[in-house]
2 protein chains.
Amino acid sequence: MTDLGGFRDHVAHVDLTDGDVSYAGVDDEDARKYIGARGLGVKYVFDAGPDVDPMGPENRLCFMNGPLTGTQTVMSGRIAVTTKSPLTGTVTDSHHGGWSGARLKWAGFDGLVFDGASDHPVYAVVEDGEVELRDARHIAGYGVHDTIDTLDDEVDGTVGRNVSVMAIGPAGENGVKYACIVNEDDRASGRGGTGAVMGSKNLKAVVVKSGTRMPKPAEPETFQEGYQQAMQVIQESDVTAPNEGGLSLYGTNVLMNATEEMDGLPTKNAKYTSTAAMHDAEGDDIDAERVSGENVRENILVDEPTCHSCPVACKKEVEVDVLHKGEEMNVRTESYEYESAFALGPNSGHTERDEIAVMIQRCNDMGVDTIEMGNMMAMAMEMSEEGKLDGLDEQLDWGDTERMIDLIEDVANRDGELADALAEGANGIAERFDAHDNSLAVKGQTIPAYDPRCMKGMGIAYATSNRGACHLRAYTPSAEILGLPQKVDPYEYEGKGELTATFQDMHAISDSFDICKFNAFAEGIEEYVMQYNGMTGRDVSEDELLEAGERVYTLERYYNNLAGFDGSDDSLPDRFLADGIPGQGASEGEYCELPEMKEEYYEVRGWVDGVVPDEKLDELDIDIGPGTGVSSGDSGVAPADD
Amino acid sequence: MTDLGGFRDHVAHVDLTDGDVSYAGVDDEDARKYIGARGLGVKYVFDAGPDVDPMGPENRLCFMNGPLTGTQTVMSGRIAVTTKSPLTGTVTDSHHGGWSGARLKWAGFDGLVFDGASDHPVYAVVEDGEVELRDARHIAGYGVHDTIDTLDDEVDGTVGRNVSVMAIGPAGENGVKYACIVNEDDRASGRGGTGAVMGSKNLKAVVVKSGTRMPKPAEPETFQEGYQQAMQVIQESDVTAPNEGGLSLYGTNVLMNATEEMDGLPTKNAKYTSTAAMHDAEGDDIDAERVSGENVRENILVDEPTCHSCPVACKKEVEVDVLHKGEEMNVRTESYEYESAFALGPNSGHTERDEIAVMIQRCNDMGVDTIEMGNMMAMAMEMSEEGKLDGLDEQLDWGDTERMIDLIEDVANRDGELADALAEGANGIAERFDAHDNSLAVKGQTIPAYDPRCMKGMGIAYATSNRGACHLRAYTPSAEILGLPQKVDPYEYEGKGELTATFQDMHAISDSFDICKFNAFAEGIEEYVMQYNGMTGRDVSEDELLEAGERVYTLERYYNNLAGFDGSDDSLPDRFLADGIPGQGASEGEYCELPEMKEEYYEVRGWVDGVVPDEKLDELDIDIGPGTGVSSGDSGVAPADD
């Protein structure tokens, strides 16, 4: 048994059906092979079997720390949630920042694994090496913020000071396919519908009381060297340098003006590649600059909170006054993110800065993914325009921000026909209304804010992402926009298959640590190895660590293959491809050369049409037999049924 | 017994006379009252008695870590050396950076206390909770760099990678009164002659092998909050911001141009208050800009190494080619510091940038304090000019850099009459040649690079410093030059007594932690309390911590009182006072109003003419009976003899 963080029996296994809680360590072999956080979490979900119904009690929901979570490693304030996604049907992992991961570690845990389902709403309280389940019927239906406020009164300590709460809102309770889990810092495990799985288990919240079990490095000298080098490169980077770099000054939304300028900002359900192109074509009063990080900083910024152990402080807290249905609303929300702004703004056909802040706040309170929520409304707008929603109780107009604000709540509560339809996600609505043409989804999850007609790398990255369209599995804009680690031409497609595979493996490592992806604008494998070895006392080489990254990515893909996915699912929405809608402006006439990139990608991966061959499993030493890990002991968990 | 860093029996007590080594914990009451590092070290030296001969075996020499040393606290890479100074006759503490403190902590120790004296040269090896003495006869007479290289071959591990060496050079072996202790990063416990004490004990070096005993915070939540806040303010400070602030870009030598501009740079044995004034009066080709941090960065900088856990990286490593006596010398030295540059440069009547680098390197290799060495040569130059050294084998001319370079080696070896005379320090030479007028010393230690005719606060700080003239006991330039925490008029003397007392107590706290003084350009008592409480699990208030600072400072003063010091020793060189040499340029006609400031200072302190009254000892709960702490057990240490 490996002790990832200085203590034993640090994975709690909770069977929600019968209320049993047991504790186990992490299998040493698993820790070596899958590192922790995303990697181990995916392994545990794999062990529960790829055939399970995502919304059934047999699905497994893991909250996983990594060997660097809660340590003083730079940007180590993250936690991974892994499960089988009800949105995509794939395995998914979705991370959030703030302090939940650190506090969970200090309370004595590397992970919480939930199986089964309670017959009534419960919440879990984690304290000093123990997990307790408590009745949550009194907070059923509460928004995230009221849930947190209420639970704050029910446990010792103070939320945000020494207590974290990871909660779902009505969306999770009502099975909205893209419901998410939100914590007290408004940080969300946003994508893939993890909140819906939590809701299906009747688990309303996980409360974590901080403890004193802070891990210490097994080899301080090595760890310190890595830490210092990581800190140095982060300070020297134009992107991450605290109070200087773009990410530190403007947050993720530093990208709004950059992608608009490149014609790489999907606008009006990705009909256009920038708001300028939309304005030129339709004359609308729309301009991405109004919702940019620069504009936000100058006008509505009120605070810049930060996650555990992070000098960058990319969160941009804002306060706005909005007139909503004739009433003055004052709203403060913890972070105005690029992805949220894109989906709820330009992609929905408007650039009303303050209204977007209100929508972000409402998404967080209802517990729905801002990206998916925005894109679903954009899809509904396009379908309304085309008459495809004619039979429903209402239609939705482009940029109708007043309706958008309230529709978020309606979707979370499945209140009304349109709202209920939208709650099913892109695949659900596309099938019901024969609207595949209007969908921006890959494997059921819609695209984030990088247009693959402009950044070709994002095209192959979206298509081959194991959790559906995602910018975070392989963040090619690092090379395509920022030139990190080196500048590549965004419009070039050759080499992007290989670049994507490399980034996928690197991000699988950082997600398994679990450290924030933004480190990758500065750090590389060298810093990873030093910090990982220093903290754990292992002695892995750069090659071994990179192999672990590939192993994690490949296990996910293999899970998906067993769940029925193959190369035909590594697709993109038609409008991005040849014969689709060509790009405009700086991306004039561009489309995404997906088939060519897929060929290169599969060749680099050693996969056959998107499927992992047995030799690859052997080469990476992926054990396809029944899992061990947390499944051992008296935890009551069945071995993998594959 | 208090466990400062997560392990017990962490102070090694070494009796060099009989070679016995014993181990003890830190008395809980002592730790509460004196914190650690400087505070505890002074307490241990106090317990050995204030009447001892500094160069006798009864003097005690302590290498002390604090509760924050070797942790991930920002700037926590320091260690305190405490002893009775042979230069001043006071108690002294002198800190150095790099990694020695951290490695000592990771090897299991909060402190090493040396008593007695060996009858032959030895070195100590510290590894995994044990201290061993080994024969050092083969390296007797070696310079610091050869000593380190030789010991590197004799212990497992690699110096600079996982091994630290704190060594003396010939100066320490030969009892040069301002000999110092230097480590592998060319970081020196420079002041007060700690190296001479080490030499008197025949202790050539202390080798520390890093271990895995990194302390972890008792309360991670509190510690992290403090850490993050400290990191934030350090990043936001114009002085300390990594890669942006003046200290990070130019190192300590960022002050050269600033003090020159203000006419606050003592020049030509402080006859002038700037090189410009010297040039105006005497026409010399001298200009401080040539030796400024800006100039160094532009022309000779080769690296910017950093100490443990420090994002600032103030060290400025340089490489120069110098023609010395017709031969080309290539010299690389680890840091070109402001104080070194001042004393070996302008105060010695020249601004030869590259020659100063050679002198710094030679001082480090010989193990002498660069400040004292430079100032002693300046004193000799002035005395030569005035004919006061006529009877000696040689004279010294202003700015004779060729001779200066070699004279450093001669002083270290006491080779020649002039060199041997200079080895005795300012008080020694002043008495022997009736040259008190030429001395820049306070209590036998000469001033650093801030002219008290310009910065009045430095005048009262020098005068009342418990270890002789020193800028680091109360760094008033923080307020007088940089305006931190608020701007005060450097020429104003009112309020400077109080400012000095406040800074003295604050610095006593950071020195007892032990964290680098540069933190104080950004951090304050709030960050101190959070980090201290978080790491130790104590629950001290801001007031209690400030009282601990005052207690440390007062214990030092009381020690000095018992050793024969009173208010008459709280003096300044005559030339700074009324009827002395008035300042020039921007400081035209200025002198230092010492009597007025002393009155204010003593009143704030509650001291009577520089002496601590009994009520003050009672008020601060200073125990004047026999010490406990490391004196207990079978360590063979006699209790205090006061």
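Predicted model only: the values in this text are computed from it and were never measured.

### Remarks on the interface of chain A and chain B
No. 1: The interface of chain A with chain B comprises 25 residues on the first partner and 25 residues on the second.
No. 2: Looking at which element gives the most residues to the side of chain A that touches chain B, the answer is helix α7 (residues 220-236) of chain A, with seven residues.
No. 3: Residues of the side of chain A that touches chain B, tallied by class, amount to nine nonpolar, eleven polar and five charged.

### Notes on the packing of helix α21 (residues 525-536) of chain A against helix α22 (residues 542-562) of chain A
All names here are of chain A.
No. 1: The interhelical angle for the contact between α21 and α22, taken along N-to-C directions, is 95°, at an axis separation of 10 Å. The orientation of α21 relative to α22 falls into the category roughly perpendicular. Residue-level inspection shows I525, E526, Y528, V529 and Y532 of α21 in contact with α22, the latter providing E542, L545 and L546.
No. 2: Residues that form the contact of α21 with α22 fall into these classes: six nonpolar, no polar and two charged.

### Some remarks on the pairing of strand β12 (residues 203-209) of chain A
Residues and elements named next belong to chain A.
No. 1: With respect to burial, β12 is a largely interior element, seven of its seven residues being buried.
No. 2: In terms of strand pairing, strand β7 (residues 122-127) meets β12 through five bridges, oriented parallel. Within β12, the residue paired with V122 across the bridge is L203.
No. 3: Judged from the five bridges that link them, strand β9 (residues 163-167) and β12 form a sheet pairing that is antiparallel. For M166, the partnering residue across the bridge sits in β12 and is V206.

### A few points about helix α20 (residues 496-513) of chain B
No. 1: Relative to the 26 Å expected for 18 residues at 1.5 Å per residue, α20 of chain B spans 26 Å between its end C-alpha atoms, a close match to the ideal helical length.
No. 2: Most of α20 of chain B is tucked away: 16 of the 18 residues are buried.

### Side note on the sheet that holds strand β8 (residues 130-135) of chain A
All names here are of chain A.
No. 1: Spatially, β8-β7-β12-β9-β10-β11 is the arrangement adopted by the six strands of the open sheet, whose pairing is mixed. Single-partner strands in this sheet number two, and they are β8 and β11 (188-189).
No. 2: Inspection of the sheet shows β9 paired to strand β10 (residues 181-183) by two bridges, in the antiparallel sense. Residue pairing across strands places A167 opposite V182, the latter belonging to β10.
No. 3: Set on the sheet, helix α4 (residues 144-154) makes contact with β7, β9, β10 and β12; between it and β9 the angle comes to about 140°.

### A few points about the relation of the copies chain A and chain B
Comparison of the two chain copies shows a relationship of rotation about an axis with a shift along it.
No. 1: When chain A is fitted to chain B, the residual RMSD is 0.0 Å, and the transformation amounts to a turn of 180° plus an axial shift of 0.0 Å. Each copy turns onto its partner about a two-fold axis. For chain A, the minimum C-alpha distance to the rotation axis belongs to K216 of chain A and amounts to 2.9 Å.
No. 2: The residues that chain A uses at the interface reappear at the interface of chain B in 100% of cases, marking a shared surface.

### Brief notes about α7 of chain A
No. 1: Taking 1.5 Å per residue, 17 residues should reach 24 Å; α7 of chain A reaches 24 Å between its end C-alpha atoms and fits that length.
No. 2: Burial analysis of α7 of chain A places 14 of its 17 residues in the buried class, the great majority of the element.

### Things to note about the domain arrangement of chain A
Residues and elements named next belong to chain A.
No. 1: Domain assignment breaks chain A into domain 1 (11-209), domain 2 (257-431) and domain 3 (456-521 + 540-611).
No. 2: Its C-alpha centre places domain 1 at a distance of 27 Å from the equivalent point of domain 2.
No. 3: Taken together, the contacts link 32 residues of domain 1 with 27 residues of domain 2.
No. 4: Counting residues per element, the ones that place at least two in the side of domain 1 that touches domain 2 are α4 and α5 (170-173).
No. 5: At three residues, α5 tops the list of elements feeding residues into the side of domain 1 that touches domain 2.

### Concerning the nonpolar core
No. 1: One finds V126, V207, V368 and I408 of chain B to be the most contacted residues of the largest nonpolar core, which totals 190 residues.
No. 2: Other than its neighbours up to four places away in sequence, V207 of chain B contacts Y123, A124, V125, V126, L151, V155, V163 and V165 of chain B.
No. 3: V296, C454, I515 and F521 of chain A belong to the second-largest nonpolar core, a separate cluster that totals 189 residues.

### Things to note about the sheet that holds strand β5 (residues 91-96) of chain A
All names here are of chain A.
No. 1: The mixed open sheet is built from six strands, whose spatial order is β2-β1-β6-β3-β4-β5. Every interior strand has two partners, whereas the edge strands, β2 (20-24) and β5, have only one. Across the sheet, the axes of successive neighbouring strands diverge by a mean angle of 15°, strand direction being ignored.
No. 2: Pairing between strand β1 (residues 11-15) and β2: five bridges, direction antiparallel. Pairing of D15 across the sheet is with D20, part of β2.

### Here's the deal with unusual backbone geometry
Residue and element names in this part refer to chain A.
No. 1: Going from L484 to P485, the amide bond is cis rather than trans, its omega being -5°.
No. 2: Note that P485 resides in the loop between α19 (477-480) and α20 (496-513).
No. 3: The omega torsion across F513 and D514 is 10°, close enough to zero to call that bond cis.
No. 4: Tracing the backbone through its elements, the reader meets D514 in the loop between α20 and α21.
No. 5: Non-glycine residue D128 carries a positive phi angle of around 45°.
No. 6: For D128, the position within the fold is in the loop between β7 and β8.
No. 7: Taking the number of C-beta atoms within 10 Å as the measure of exposure, D128 has 12 and is therefore exposed.
No. 8: Its identity is not glycine, yet K268 carries a phi of approximately 55°, on the positive side.
No. 9: Judged by the 24 C-beta atoms lying within 10 Å of it, K268 is buried.

### A few points about the confidence of the model for chain A
Residues and elements named next belong to chain A.
No. 1: In the predicted model, chain A carries a mean pLDDT of 94, and 96% of its residues have values of at least 70.
No. 2: Across residues 627-642, where pLDDT falls below 50, the model places 47 contacts with residues more than four positions away in sequence or in other chains.
No. 3: Two numbers describe this predicted complex: its pTM, 0.88, and its ipTM, 0.80.

### Considering the environment of G399 of chain B
Residues and elements named next belong to chain B.
No. 1: Relative to the assigned elements, G399 resides in the loop between α14 (370-385) and α15 (401-413).
No. 2: Taking the C-beta count within 10 Å as the criterion, G399 has 22 such neighbours and is therefore assigned buried.
No. 3: As a C-alpha pair, G399 and M377 span 22 residues in sequence and 9.6 Å in three-dimensional space.
No. 4: Not counting residues up to four positions away in its chain, the partners in contact with G399 are S348, G349 and H350.

Thresholds, definitions, all that
Residues numbered from 1 in each chain as written. Chains lettered and ligands numbered in written order. Predicted model: local features only at pLDDT ≥ 70, side-chain atom pairs only at ≥ 80, totals over all residues. Contact = placed C-beta atoms within 7 Å. Helix = DSSP H or I, 4+ residues; strand = E, 2+ residues; numbered from the N terminus. Nonpolar A, V, L, I, M, F, W, Y, C, P; charged D, E, K, R; others polar. Axes fitted to C-alpha atoms, helices over the stretch in contact; angles between N-to-C directions. Parallel < 35°, antiparallel > 145°, perpendicular 65-115°, else oblique. Buried ≥ 20, exposed ≤ 12 C-beta atoms within 10 Å, placed from the backbone. Pairing = 2+ DSSP bridges. Expected span 1.5 Å × (residues − 1). Least-squares fit on C-alpha atoms with pLDDT ≥ 70 in both. Domains from an automatic or database assignment. Core = buried A, V, L, I, M, F, W, Y, C linked by C-beta atoms within 7 Å. pLDDT = per-residue confidence, 0-100.

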